[in-house]
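Now for the letters of each chain:
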Amino acid sequence: MKSELVLTGIIFLLLFIKIGKGMKNESLLSLIQLLLLLNFIFSFFFNKEGNLFGDMFYTTPLIAFQKSILNLGVYLISLLCSDWLKKTQHLPEFFLLMLSALLGMFLMISSGNLLIFYLSLELATIPVAAMANFDLERKRSSEGAMKMILSSAFSSGILLFGISLIYGSTGSISLPAISQLLNGSPLQILAFVFIFAAFAFKLSIVPFHLWTADVYEGSPIAVTSFLSVISKGAIAFIFITVLYKVFSPMLQIWYWMIVILAIATMVIGNLFALRQQNIKRFLAFSSIAQVGFILVGISNAYYLGIASVVYFVLIYVFSNLAAFGVAAVIAEKTGKENIDDYKGLYKTNPFLTWIMALALFSLAGIPPTAGFFGKLFLLTAGGAKAEYWFILVAALNMIISLYYYLRVVRAMFMDKNDNPVEPVKTSPVVKMALIICGGGIVLVGLLSWIFEYIKTLQY
Amino acid sequence: MNLLILIGAPLLTALAVLLSRNKQQVKWISLAGSAVQLALAFSLLIAFRQERMAGNNALMLFEQNYKLYESLNINFHFGVDGISVAMILLTSFVVIAGVLVSWNVEKMTKEFYFLLLLLGLGAYGFFISLDLFILFFFLEISVIPKYLLIGIWGSGKKEYSANKLALMLMGGSALILVGMLGIYFTTGYSFDIMTLSKENIPAATQNILFPLLFVGFGVFTALFPLHTWVPDGHSSAPTAGSMFLAGISMKLGGYGCLRVATYLLPEGAKEYANIIIVLSAIAILYGAFATMMQKDLKYINAYSSVSHVGFSLLGIGMLTQTAITGALMQMVSHGVMTALFFAVIGMVYDRTHTRMVADMGGLMKMMPFIATVFFIVGLCSLGLPGFSGFVAEMTVFMGSWQNDDAFHRIATIAAAMSIVVTAVYILRATGKTMMGPVVNEEHLQLGDAKWNEKLAAIILVAGIVAIGIAPGWLNDLLKPAAEEIMNRIAGK
């Protein structure tokens, strides 16, 4: 409960600041960044295990670690997007919304009861929809927010329906109890399908992905990166817990569901990413494909599954935030968001280009970046059933994804441009955040104890 | 000898290059670093021979084992046998020559040398790895530097070639990955080559995994019909890039085919040997005939590489000890030879700004040194005794002939016929460009090789002559290792 309390404390502090006003954006932002940093550091200490409120809330070392990853991501976002944040008129509100969503995610990961789970999921979603609308004067932003709120309301409805069916057939909404009571009856399978579909919406698994690209494109980059990294990561964490802990008796049923959806997600995500021009849409589709890889790792309840997914999300935080960070810097200074605008970027902005290239290589899974290890461990976890063709499909998808990641690399390094992005001066804070991301991308893979540590954590 | 130095030296050099301030520093640091690597490779050779002389018959020498991902049983396991030593020596030769011939790269010099050194690092790491995962790691490290080298510093349709190369090599890697995981799961979670070499994987599984691994590595070494990245990639790459690609990278594939696919999955190798033979015989003949049609010097050498590398795959497919030794010799020999060839072509191109055979003539008059080297490497390529090509190809043929059935004989004869074709295209290209009348008046102004080019050429010529005149030392290195692989195939 400690992480939640700390976060709530920060939220209240922000509220008071908002009421009291009189603080400049810049100093307020520095204060928030400091608070988030402390929050991140603090999340490693005084973590207790156990249940609260009659098993409604529980926590384990792995859950605490997952929360730390999310904290890290939020801290990095607050650094990377500081140029944009400084200019917004509603800085405290932005962080209020973001931290409320984060609080929702924390509760969600820790929930031991379907009702708490549902409530926290809503808490994690609705503020994000408001954040997506943060560029008030841009129509696209509103459009994205609208799409998001509608689709998430729809998926919540489906989720609730699934929950009610589960309650009807088992008579319980407590997660540990449900797993005892599941017997694989058709009604339960139906309920599982509904719950699964709701997750698929949130994770943007094909064919439930249609909202993703528009929302990503419309939202400010800070929100897009929050959506694609933090939201996705949190949902993936709870998804894996629900599958492994609650629905483990139905393994035979969901194994094939996940295999088929994983293939569809990877293939469709990759194929759509091939033709994107806008860097945000591009990263949106690439993140869909990445979710496909996460599904590969989840697919069979092999002991590696959880560790490799958590590890992958950690790497994904660094790589995707680095990519979004560079995009944010460039978009903020020049307003350019198209891949074609990145042509000849290396000539003018070598530092940004190298960070972007590192991030893309990591997303593509090329050594020595951490993405290589992350992807390989996911495939190893997924391959434990010796379904070679499945791994082969995943591996072939890595080639397609390499093609479009290389497209950006090629634009930055090789293509000529008469009118390249002018040299952008990055503020020290942003530069530091980019270096942290770059360092994470290089080091997380080579420092093997990180993975070993995750592996030892009890879930 | 601590093998980690072999990774450490290039890594330190690359980092030093990153930190250096101007182009001059970059070049000298790279040169010093690659000279150190050459010295290290030689001292490794000497240390290895001393150990063997002293009667140390362990399969791998200088083994080191560090835990990396303990729970997945992934370890930094290093060690060398004769094959690795020979390959490391080859790598260090090509690296120093590559650094020398790139002396006048002006565009983004620092990045160029950094990527070049990174490529070398990948190769060193690959050749000393005894853990499949780490081996794969080092194999993949080299893909992106190749892509960038071709795409940024290349010529012609460089973006297309760079993309094609990166994607085809990644495709190969994908197959390797699946095969590797297959081995991992069927053997009770082990990536360690030394452990795996004692396992008996069921033949049915081997028959599934062998093609994945062999074709995967085959892509790297231009296995027909997956060779198509070779001509485009080689001809678009900058000189040093072509040298590294043909000299080192293609050898990674050959080494993997042998050490991973054939050695770990002997039953699979026996099952598919005939297909390998057919494919490599086609590659040898097709490569040779395709070369005859080429007008661009780089394309000539690229297609002839397809043909020459076919010999090493043919040797592997023949599954006799002599043939495998020959295959390995061919890898080393072709590595040095083709690097030299590309270096010379690069030197010619730097002066004449054309690579078209028809636009050149009588260059001997203006640049006697370059022309002499051109002749030497041409003669080596067509298999003249006294140079490495002859020794290697001869050994392959000898080994192939040991299989006394009609199929193997026919394949051997077919492959041997390519030598005639090789002679045709080599002599034609050499004669046209170096001898005869001067085609272009402007060429009369051109000068001969500079010190760096001379040094690079001399180092590589020394390599091919050393193998050609005294192949004994190379044979001593490779034969025991080939014997071990044959023992495993014979089921001993």
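The rules behind the values
- Residues numbered from 1 in each chain as written.
- Chains lettered and ligands numbered in written order.
- Predicted model: local features only at pLDDT ≥ 70, side-chain atom pairs only at ≥ 80, totals over all residues.
- Helix = DSSP H or I, 4+ residues; strand = E, 2+ residues; numbered from the N terminus.
- Rg over C-alpha atoms; globule rule 2.2 N^0.38 Å.
- Contact = placed C-beta atoms within 7 Å.
- Buried ≥ 20, exposed ≤ 12 C-beta atoms within 10 Å, placed from the backbone.
- Core = buried A, V, L, I, M, F, W, Y, C linked by C-beta atoms within 7 Å.
- Pairing = 2+ DSSP bridges.
- Axes fitted to C-alpha atoms, helices over the stretch in contact; angles between N-to-C directions.
- Parallel < 35°, antiparallel > 145°, perpendicular 65-115°, else oblique.
- Nonpolar A, V, L, I, M, F, W, Y, C, P; charged D, E, K, R; others polar.
- Expected span 1.5 Å × (residues − 1).
- Left-handed = near helix turned anticlockwise from the far one by under 90°.
- pLDDT = per-residue confidence, 0-100.

Caption draft 1: Fine view of the overall build of chain A. Looking only at helices and strands, chain A features 20 helices and 2 strands. Against the globule reference of 23 Å for 459 residues, chain A gives a C-alpha radius of gyration of 21 Å, in line with a compact fold. Dimensions along the principal axes, computed over C-alpha positions, put chain A at roughly 65 × 60 × 45 Å. In chain A, the proportion of contacts linking residues at least 24 apart, taken out of those at least 6 apart, comes to 81%.

Caption draft 2: Representation of the overall build of chain B in the model. Looking only at helices and strands, one finds 20 helices and 2 strands in chain B. Relative to the globule expectation of 23 Å for 492 residues, the C-alpha radius of gyration of chain B, 21 Å, shows essentially globular dimensions. Each principal axis of the C-alpha distribution contributes one length, and for chain B these read about 70 × 60 × 45 Å. Per-residue burial over chain B gives 62% buried out of 492 residues. Long-range pairs, those at least 24 residues apart, make up 81% of the contacts in chain B with a sequence separation of at least 6.

Caption draft 3: Region of interest: the interface of chain B and chain A. Between chain B and chain A, the contact holds 27 residues from the first and 27 residues from the second. When residues of the side of chain B that touches chain A are traced back to their parent elements, those giving at least two are strand E1 (61–69), helix H5 (132–141), helix H6 (143–153) and helix H7 (158–186) of chain B. Sorting elements by how many residues they give to the side of chain B that touches chain A places H7(B) first, with 12 residues.

Caption draft 4: How the structure looks around the nonpolar core. Counting 373 residues, the largest nonpolar core has Ala97(B), Ala343(B) and Val344(B) as its most contacted members. Element by element, the count of residues in this core is highest for helix H14 (residues 304–334) of chain A, at 22 residues. The contacts of Ala97(B), once residues within four sequence positions are left out, are Met243(B), Ala339(B), Ala343(B), Ala456(B), Ile459(B) and Leu460(B).

Caption draft 5: Examining the environment of Val424(B) more closely. Take Val424(B): it is sitting in helix H18 (residues 406–434). Given 15 C-beta atoms within a 10 Å radius, Val424(B) is considered partly exposed.

Caption draft 6: Broad picture of unusual backbone geometry. Note that the residue after Val206(A), namely Pro207(A), is joined by a cis bond; omega there is 5°. Turning to its location among the elements, Pro207(A) is positioned in the loop between helix H9 (186–203) and helix H10 (210–218). Looking along the chain, the bond that leaves Pro367(A) and enters Pro368(A) is cis, with omega of 5°. As for its position among the elements, Pro368(A) is in the loop between helix H16 (350–364) and helix H17 (370–382). Positive phi outside glycine occurs at Ala222(B), with the angle close to 60°.

Caption draft 7: Structural context of the environment of Thr265(A). You can see Thr265(A) is positioned in helix H12 (residues 251–274). Residues within four places of Thr265(A) in sequence aside, it is in contact with Ile205(A), Val206(A), Ile288(A), Ala289(A), Val291(A), Gly292(A) and Leu295(A).

Caption draft 8: Spatial organisation of the pairing of E1(B). With 6 bridges joining them, E1(B) and strand E2 (residues 74–80) of chain B adopt antiparallel strand pairing. The residue bridging Asn65(B) from the neighbouring strand is His77(B), located in E2(B).

Caption draft 9: Molecular detail of the packing of H17(A) against helix H19 (residues 428–446) of chain A. Residues and elements named next belong to chain A. One way to put it is that H17 packs onto H19 with a least axis distance of 6 Å and a crossing angle of 50°. In terms of orientation, H17 and H19 fall into the oblique class. Taken together, the residues of H19 that come into contact with H17 (itself represented by Ala 370, Phe 372 and Phe 373) are Ile 441, Val 444 and Gly 445. Tallied by class, residues from the contact of H17 with H19 come to 5 nonpolar, 1 polar and no charged.

Caption draft 10: Region of interest: helix H16 (residues 368–381) of chain B. All names here are of chain B. In this model, H16 (14 residues) spans 20 Å end to end at C-alpha, consistent with the 20 Å of a helix rising 1.5 Å per residue. For H16, the tally of buried residues reaches 10 of 14 residues, placing the bulk of the element in the interior. Taken as a whole, H16 has its buried residues at Ile 370, Ala 371, Val 373, Phe 374, Ile 376, Val 377, Gly 378, Leu 379, Cys 380 and Ser 381. Those residues of H16 hidden inside the fold are in contact with helix H13 (297–318), helix H14 (321–352), helix H15 (363–366), helix H17 (388–401), H18 and helix H19 (451–469). Just past H16, the residue Gly 383 takes up positive phi, approximately 90°.

Caption draft 11: Representation of the pairing of E2(B) in the model. Residues and elements named next belong to chain B. Across the 7 residues that make up E2, a large majority, 7, are buried. Both faces of E2 are covered, namely the face carrying Ile 74, Phe 76, Phe 78 and Val 80 and the face carrying Asn 75, His 77 and Gly 79. Where E1 hands over to E2, the hairpin turn is made up of 4 residues, of which Asn 73 adopts a positive phi near 60°.

Caption draft 12: Seen up close, the packing of H12(A) against helix H18 (residues 388–413) of chain A. Residue and element names in this part refer to chain A. Viewed as axis vectors pointing N to C, H12 and H18 meet at an angle of 15°, and their least axial separation amounts to 9 Å. Between H12 and H18, the angle is such that the two are roughly parallel. Note on packing geometry: the crossing formed by H12 with H18 is left-handed. Contacts from Val 259, Ile 263, Met 266, Val 267, Asn 270, Ala 273 and Leu 274 in H12 reach Phe 390, Val 393, Ala 394, Asn 397, Ile 400, Ser 401, Tyr 403 and Tyr 404 in H18. In the contact of H12 with H18, the residues fall into 12 nonpolar, 3 polar and no charged.

Caption draft 13: Fine view of the environment of Ile163(A). Residue and element names in this part refer to chain A. Mapped onto the elements, Ile 163 comes out in helix H7 (residues 139–170). Once the C-alpha coordinates of Ile 163 and Leu 114 are considered, the two residues, 49 residues apart in sequence, prove to be 7.0 Å apart. Excluding residues within four positions of it along the chain, Ile 163 makes contact with Leu 114, Tyr 118, Ile 173 and Ile 195.

Caption draft 14: Highlighting the confidence of the model for chain B. All names here are of chain B. In the predicted model, chain B carries a mean pLDDT of 86, and the fraction of residues at 70 or more is 100%. Of all helices and strands in chain B, the one with the weakest mean pLDDT is H15 (80), whereas H5 scores best (90). With pTM at 0.91, the complex prediction returns an ipTM value of 0.89.

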